[in-house]
Amino acid sequence: MVGYKNQIFQLGYRLCSRFFNRKKGYIGTGDVSPLAQDFWEYDQDNNSWTQKSNFGGNGRSVAVGFSIGTKGYIGLGYSTGMFYQDLWEYDPTTDTWTKRLISVDNPGDLLVYLQ
């Protein structure tokens, strides 16, 4: 995505989560002051950023971001002495976040169930 990487740094995000969906890139959370909950969409065709609904969970850094089909997911991460064990699903068609169920059976193992 042309210009995407440089613009992330201009927004001031470090240790943030990101995922991609077709010609759109998404970024949120991260180590800005305070820990970010805002969420952004990058449109490659227009080379522009649009602010979307805030991330559904608490602000955090070093979270995991990925996409499956048309939905994006952000979860886990760290915030001042707390390691998160949650997963949130983002639906770009409705601009909404939904908390998903996860199960941590053993320390260090993560099993995610998506229904």
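Here, every reference points to the structure presented above.
Residues numbered from 1 in each chain as written. Predicted model: local features only at pLDDT ≥ 70, side-chain atom pairs only at ≥ 80, totals over all residues. Heavy atoms only, no water.

Novice: Describe the pattern of salt bridges, and please don't skip the residues or the numbers.
Specialist: Across all of its chains, the model carries five salt bridges by this definition. A salt bridge links Glu41 to Lys24, with the nearest nitrogen and oxygen atoms 3.9 Å apart. With Glu41 in strand β3 (residues 39-43) and Lys24 in strand β2 (residues 24-28), this pair connects stretches of sequence that are 17 residues apart. Look at Lys24 and you get partly exposed, because its relative accessible area is 28%. Notably, a salt bridge pairs Asp86 with Arg60, separated by 2.5 Å at the nearest N-O pair. With Asp86 in the loop between β8 (82-83) and β9 (87-91) and Arg60 in the loop between β4 (48-52) and β5 (64-68), this residue pair connects regions lying 26 residues apart in the sequence. On the basis of relative accessible area, Asp86 is assigned to the buried category, the value being 11%. Using a relative accessible area of 0% as the deciding quantity, one classes Arg60 as buried. Taken together, the shared-partner salt bridges connect Lys24, Glu41 and Asp43 into one network. (Salt bridge = Lys/Arg side-chain N within 4 Å of Asp/Glu carboxyl O. Helix = DSSP H or I, 4+ residues; strand = E, 2+ residues; numbered from the N terminus. Buried < 20%, exposed > 50% of the residue type's maximum accessible area, 1.4 Å probe, protein only.)

Novice: Outline a nonpolar patch on the surface, listing residues and values.
Specialist: Among the surface-exposed residues, Val62, Tyr78 and Phe83 lie close enough to one another that they form a single nonpolar patch of about 320 Å² accessible area. Under the relative-accessibility criterion, Val62 is labelled partly exposed at 46%. (Patch = residues over 30% accessible without salt bridge, like charges linked within 9 Å, V, L, I, M, F, W, Y side chains within 5 Å. Areas by Shrake-Rupley, 256 points an atom, 1.4 Å probe, with all protein chains shown as cover.)

Novice: Run through the sheet that holds strand β10 (residues 96-100), naming residues and quoting values.
Specialist: The strand order across the open sheet formed by four strands is β5-β6-β9-β10, and the pairing between neighbours is antiparallel. Looking along the sheet, the strands with just one partner apiece sit at the ends: β5 and β10. Neighbour-to-neighbour, the strand axes of this sheet turn through a mean angle of 25°, independent of strand direction. The pairing of β9 with β10 spans five bridges and is antiparallel. Along β10, the bridge assignment pairs Leu87 with Arg100. (Pairing = 2+ DSSP bridges. Axes fitted to C-alpha atoms, helices over the stretch in contact; angles between N-to-C directions.)

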